Amino acid sequence: MTSHLHRTQSYRSSRFSPVPSVLISCAFIFSLTGCAGQKTTQTGFIPQDTYGQMVHQKDHTDDLVYVSPTIDASKYHFVVIDPVTWHPAAKAPKLKPEAEARMTKAFHDALVKALAHDFRVITPEECEPTCANTIRVRAAITNIRRSKWYYNALPIVAGFAAGAVGGGVPPIPPPFPGGASEELVATDATTGETLIAISTYNNGMPWNMMGQWLPYAHAKRAFRLASELMEEEFHKIKKNESTQVAFQNPS
């Protein structure tokens, strides 16, 4: 009987011990790598006096946004998007030239796609000579982090293993999921007046599995979300202006 009990306890120990061991290893790796994710930045890319006027938005509590109190979004029909720049924050990593070129292009493409919903995107040459009724958008990547699959693999495997044994262990966030921080400024192309300024960021999400393996997938997602945030701000302003006009001029 004692021998049988001993074998049963040994079986249970060998059956379930690998998962906690893996989890402990994951926690150790997590503590070593740290999880210094992205955050809002103030690099000087946005006019300095504007930073002090930027506030958290109701629906985007992690972002900092400034909207000119005198903006008349309805008069703008065109948008010129300058080439995106790499304007690194103090502790940002050093990017290789080819990676910088790929990332700035990816952000520029995301801006074109998002802002085309509310404006006609034109080139700087088309804007000349007056740039009337045109918004000029400048954007910068201020920090970036690439996913590192060789660190992320162990927590992901551990999560699947924990689920397989029904341990109820919460998902383990990957230590290097990637992400990016950005600063954006939209100005009147004629006067240079700042209309909207945004400082935003996004870190990789655990459920985005491909992003844990592809080096800059989560960064590209951050570019898309930053672009959509600017488009959302303009769309919201235009909608409010239309509502006010309708209220003032009822049929």
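These numbers were taken from a predicted model, which means no experiment stands behind them. (Residues numbered from 1 in each chain as written. Predicted model: local features only at pLDDT ≥ 70, side-chain atom pairs only at ≥ 80, totals over all residues. Heavy atoms only, no water.)

**Q** Would you take a moment to explain the pattern of salt bridges for this structure?
**A** Inspection of every chain in the model, using the stated rule, returns four salt bridges. The residue aspartate 109 makes a salt bridge to lysine 105 at a minimum N-O spacing of 2.8 Å. Highlighted residues: aspartate 109 and lysine 105, both in helix H4 (residues 97-115), separated by four residues, approximately one helical turn. You can call lysine 105 exposed: its relative accessible area is 53%. Note that glutamate 233 is salt-bridged to lysine 236, the shortest N-O span being 3.3 Å. A residue pair is termed a helical-turn pair when its members lie 3 or 4 positions apart in one helix, as glutamate 233 and lysine 236 do in helix H8 (residues 217-248) at three residues. Judged by relative accessible area, glutamate 233 falls into the buried class, the value being 2%. The class of lysine 236 is partly exposed, set by a relative accessible area of 33%. (Salt bridge = Lys/Arg side-chain N within 4 Å of Asp/Glu carboxyl O. Helix = DSSP H or I, 4+ residues; strand = E, 2+ residues; numbered from the N terminus. Buried < 20%, exposed > 50% of the residue type's maximum accessible area, 1.4 Å probe, protein only.)

**Q** For this particular structure, what's the right way to read the pairing of strand S6 (residues 134-145)?
**A** The two faces of a sheet get side chains in turn, since along a regular strand they alternate between them. Across the 12 residues of S6, 11 count as buried, placing the element largely inside the fold. Sheet topology note: the strand S3 (residues 78-81)/S6 ladder contains four bridges and is parallel. Among the inter-strand pairings, isoleucine 81 is bridged to a residue of S6, identified as valine 137. Bridge count between strand S4 (residues 85-86) and S6: two bridges; the pairing is parallel. Paired with tryptophan 86 across the two strands is isoleucine 141, which belongs to S6. Sheet topology note: the S6/strand S7 (residues 179-188) ladder contains 10 bridges and is antiparallel. Paired with valine 137 across the strands is alanine 186, a residue of S7. (Pairing = 2+ DSSP bridges.)

**Q** Please clarify how the side chain of serine 199 should be interpreted in this entry.
**A** Here serine 199 is to be found in strand S8 (residues 194-203). For serine 199, a relative accessible area of 1% translates into the label buried. In this structure the side chain of serine 199 is engaged in a polar contact, spanning 2.9 Å, whose partner is the backbone oxygen of threonine 41. Setting aside anything within four residues of it in sequence, one finds serine 199 in contact with Thr40, Thr41, Met54, Asp63, Leu64, Glu182 and Glu183. (Polar contact = N/O pair within 3.5 Å; in protein donor to acceptor, adjacent residues only side chain to side chain. Contact = heavy atoms within 4.5 Å.)

**Q** Is there a simple way to explain a positive patch on the surface in this structure?
**A** Taken together, the side chains of Lys96, Arg102, Arg146 and Lys220 present a region of like positive charge at the surface. As for its placement among the helices and strands, lysine 220 is situated in helix H8. (Patch = residues over 30% accessible without salt bridge, like charges linked within 9 Å, V, L, I, M, F, W, Y side chains within 5 Å. Areas by Shrake-Rupley, 256 points an atom, 1.4 Å probe, with all protein chains shown as cover. Lys, Arg positive; Asp, Glu negative; His and termini not counted. Charge placed at Lys NZ, Arg CZ, Asp CG, Glu CD.)

**Q** I'm lost on the nonpolar core in this one. Help?
**A** Proteins that are soluble and globular tend to have nonpolar side chains buried together. Among the nonpolar cores identified, the biggest contains 37 residues, and Phe107, Ile135, Ile144, Phe223 and Met230 are the most heavily contacted of them. For this core, the secondary-structure elements that each account for two or more residues are S3, H4, S6, S7, S8 and H8. At eight residues, H8 tops the list of elements feeding residues into this core. Sequence-distant contacts of methionine 230, defined by excluding residues within four places in its chain, comprise Leu115, Val137, Leu184, Val185, Ala186, Ile196 and Ile198. Grouped together as the second largest cluster of nonpolar side chains are nine residues, Tyr51, Met54, Leu64 and Ala140 included. (Core = buried A, V, L, I, M, F, W, Y, C linked by side-chain atoms within 4.5 Å.)

**Q** I would appreciate a short explanation of the side chain of serine 181 in the present structure.
**A** Here serine 181 lies in strand S7. Polar side-chain contacts of serine 181 include one of 3.0 Å to the side chain of glutamine 38. Not counting residues within four places of it along the chain, the set of residues in contact with serine 181 comprises Gln38, Lys39, Thr41, Ala140, Ile141, Thr142, Asn143, Thr200 and Tyr201.

**Q** Whenever I open this one, H4 confuses me. Can you help?
**A** Since the α-helix advances by 3.6 residues per turn, residues separated by three or four positions end up pointing in the same direction. Over its 19 residues, H4 extends 27 Å from the first C-alpha to the last, a length consistent with the 27 Å expected when each residue adds 1.5 Å. All of the buried residues in H4 are Ala99, Met103, Thr104, Phe107, Ala110, Leu111, Ala114 and Leu115. For H4, the angular spread of the buried residues around the axis is 125 degrees, confining them to a single face. In H4, the exposed residues that point more than 90 degrees away from the buried face are Pro97, Lys105 and Lys113. (Expected span 1.5 Å × (residues − 1). Arc of directions from axis to C-beta.)

**Q** What's the story with the confidence of the model for the protein chain in this structure? I'm lost.
**A** Regions with low pLDDT should not have their predicted coordinates read in detail. With 66% of its residues at a pLDDT of 70 or more, the protein chain shows a mean pLDDT of 78. Mean pLDDT values for the elements of the protein chain range from 39 in helix H1 (residues 2-16) up to 98 in S4. Low pLDDT, under 50, characterises residues 1-35; the stretch is placed with 26 contacts to residues that sit more than four places away or in other chains. Contacts for the low-pLDDT stretch residues 149-153, under 50 throughout, to residues beyond four places or in other chains number 13 contacts. (pLDDT = per-residue confidence, 0-100.)

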